[in-house]
Amino acid sequence: MKKVLGLYSAPHGHWVGDGFPVRSLFSYDSHGEHLSPFLLLDYAGPLNFKPGERPRGVGEHPHRGFETVTIVYEGEVEHRDSTGAGGRIGPGDVQWMTAASGILHEEFHSAEFTRTGGVLEMVQLWVNLPAKHKMDAPRYQTLLDGEIPSVDLPQGVGRVRVIAGDYDGRRGPAQTFSPINVWDVRLNAGRQARLSLPAGHTAALVVLRGTVQVNGSQVARDAQMVMLDREGTDVVIEADTDATLLLLGGEPLNEPIVGRGPFVMNTMQEIHQAIADFSNGRFGRIPPQGAS
């Protein structure tokens, strides 16, 4: 089995804009080398928003050098960006945005969610890009709930939704730049699952809701992350309560990580260039609302 290397709890939460109350379960500042190719995971909510008239969210902001993966559990989010793209994702949907050479982006609660109010719960995961792809053209992958394979675990243990990578012969729809597994796992109380990831790959188990025992020893609860050794293949997860988890695995990039806020590159010179390009308008502009 993969050895448990550590248990990490989120620090006090903070707001991103006025729409996303998040807890950062890990970031490249603290775990960059150990969790490559994953850079950051923010867990937003769950929080109940009252009905409103003005959508809450975060306004125009840049990204370069990596991908953002937004997984919605409850609520709805709308986005627009400097490529002219836009869209809405709701429960079970995933937006996989490749910022790469640079993009301006904004995301808000959807108009319908703003009108009705309700619980917002979502995750945003940052995935690093290999150096040779950091300046590729930006792109989007909208992965709707119905397009994501769901595999029932035997004997009523739960199920695994395969967002990226492979599980039990089912392949997730996300196209990735390096080998990655992103599995949305639900376990039923009192049940145990044994899941396997490739030896040599980074592995982390993120507990969003519930209480689980990992490899018969480590207890993990809401908003905690269990970092696993790259050696070995299996992880055994026993659910003390119904649990919602993310199991992350990926081939380490073994490249330098140099980041400043929304830019993650390989050298400080590239960071300075990203700041200059953004300041000089080279990331484009987000079209006015309603523009074609």
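Residues numbered from 1 in each chain as written. Predicted model: local features only at pLDDT ≥ 70, side-chain atom pairs only at ≥ 80, totals over all residues. Heavy atoms only, no water.

**Student:** Got a minute to help me understand the layout of surface pockets in this structure?
**Tutor:** One simple way to see leftover space: roll a probe sized like a water molecule over the atoms. Empty space within the largest pocket amounts to approximately 380 Å³. Along its surface, the largest pocket is lined by 17 residues, and Val16, Leu40, Asp42, Gln124 and Trp126 are the ones closest to its centre. For the lining of the largest pocket, the class distribution of residues is nine nonpolar, six polar and two charged. (1 Å grid on protein atoms, 1.4 Å probe; cavity = no way out; pocket = protein on both sides within 12 Å on 5 of 7 lines; lining within 4 Å. Points joined across faces, edges and corners; volume = space filled by probe spheres on them. Nonpolar A, V, L, I, M, F, W, Y, C, P; charged D, E, K, R; others polar.)

**Student:** Whenever I open this one, empty space enclosed by the protein confuses me. Can you help?
**Tutor:** Enumeration over the complete set of coordinates arrives at one cavity of 30 Å³ or more. By volume, the largest cavity is sized at about 30 Å³. Surrounding the largest cavity, Thr70, Val77, His79, Ile89, Gln95 and Glu107 form its lining. A per-class count over the lining of the largest cavity returns two nonpolar, three polar and one charged.

**Student:** Before we go on, may I ask you to explain the environment of Gln224 in this structure?
**Tutor:** Turning to its location among the elements, Gln224 is positioned in strand β22 (residues 224-228). For Gln224, the residues in contact, after removing those within four places along its chain, are Leu7, Tyr8, Ser9, Leu25, Leu205, Val206, Val207 and Val219. At 2.7 Å, the side chain of Gln224 forms a polar contact with the backbone nitrogen of Arg221. (Helix = DSSP H or I, 4+ residues; strand = E, 2+ residues; numbered from the N terminus. Contact = heavy atoms within 4.5 Å. Polar contact = N/O pair within 3.5 Å; in protein donor to acceptor, adjacent residues only side chain to side chain.)

**Student:** Explanation requested: the sheet that holds strand β19 (residues 202-209) in the structure shown.
**Tutor:** Note on sheets: strands pair through backbone hydrogen bonds, and any given pair is parallel or antiparallel. In spatial order, the strands read β1-β22-β19-β24-β17-β14-β13; together these seven strands make up an open sheet with antiparallel pairing. In this open sheet, the two strands that pair with only one neighbour each are β1 (4-9) and β13 (150-152). Here the average twist between neighbouring strands, direction ignored, is 20 degrees. As defined by bridge partners, β13 adjoins strand β14 (residues 158-164) across three bridges and the pair is classed as antiparallel. Considered in β14, the bridge of Ser150 is made with Arg161. Sitting on the sheet, helix α1 (residues 28-35) is in contact with β1, β19 and β22, with an inclination near 35 degrees to β22. (Pairing = 2+ DSSP bridges. Axes fitted to C-alpha atoms, helices over the stretch in contact; angles between N-to-C directions.)

**Student:** It is not clear to me how the sheet that holds strand β10 (residues 103-109) should be interpreted in this structure. Could you clarify?
**Tutor:** Read from one edge to the other, the open sheet built from four strands follows the order β5-β10-β7-β8, with strand pairing classed as antiparallel. Either end of the sheet is taken by a strand with one partner, and the two such strands are β5 (57-63) and β8 (86-89). Neighbour to neighbour, the strand axes of the sheet diverge by 20 degrees on average, direction disregarded. In this sheet, β10 lies alongside strand β7 (residues 77-81) in antiparallel orientation, the contact comprising five bridges. Its bridge partner being in β10, Arg80 is matched across the sheet by Glu106.

**Student:** What am I meant to see in α1 here?
**Tutor:** Because the α-helix completes a turn every 3.6 residues, residues three or four places apart line up on one side. Taken together, the buried positions of α1 are occupied by Tyr28, His31, Gly32 and Leu35. The arc enclosing the buried residues of α1, seen along the axis, measures out at 150 degrees, which places them on a common side. (Buried < 20%, exposed > 50% of the residue type's maximum accessible area, 1.4 Å probe, protein only. Arc of directions from axis to C-beta.)

**Student:** What should I look at first to understand helix α3 (residues 268-279) in this one?
**Tutor:** Here α3 spans 16 Å end to end across 12 residues, near enough to the 16 Å set by a 1.5 Å rise per residue. Of all the positions in α3, only Ile271, Ala274 and Asp277 are classed as buried. Within α3, the buried residues cover an arc of 125 degrees as seen down the axis, which keeps them to one side. Pointing more than 90 degrees away from the buried face of α3 are the exposed residues Gln269 and Ser279. Packing partners of the buried residues in α3 comprise β25 (258-260) and β26 (263-265). Where α3 terminates, the next one or two residues include Gly281, which has phi positive at roughly 80 degrees. (Expected span 1.5 Å × (residues − 1).)

**Student:** How should I be thinking about the pattern of salt bridges in this particular structure?
**Tutor:** When the charged atoms of two side chains with opposite charge come close together, those side chains can pair. What the rule picks out here adds up to 14 salt bridges. The partner of Asp18 in a salt bridge is Arg54, with the nearest N and O atoms 3.0 Å apart. On the criterion of sequence distance, the pair formed by Asp18 in the loop between β2 (14-16) and β3 (20-26) and Arg54 in the loop between β4 (38-49) and β5 is long-range, its members being 36 residues apart. By relative accessible area, Asp18 is classed as partly exposed at 24%. By relative accessible area, Arg54 is classed as exposed at 56%. A salt bridge links Asp184 to Arg161; the shortest N-O distance between them is 3.0 Å. (Salt bridge = Lys/Arg side-chain N within 4 Å of Asp/Glu carboxyl O.)

**Student:** Where do I start with unusual backbone geometry in this structure?
**Tutor:** One can expect most non-glycine residues to show negative phi and most peptide bonds to be in trans. Of note, the bond from Ser36 into Pro37 is cis; its omega dihedral lies within 30 degrees of zero at 10 degrees. Among the structural elements, Pro37 can be located in the loop between α1 and β4. Residue Pro46 is bonded to the preceding Gly45 through a cis peptide linkage, with omega at -5 degrees. Unlike most non-glycine residues, Asp168 shows phi in positive territory, near 50 degrees.

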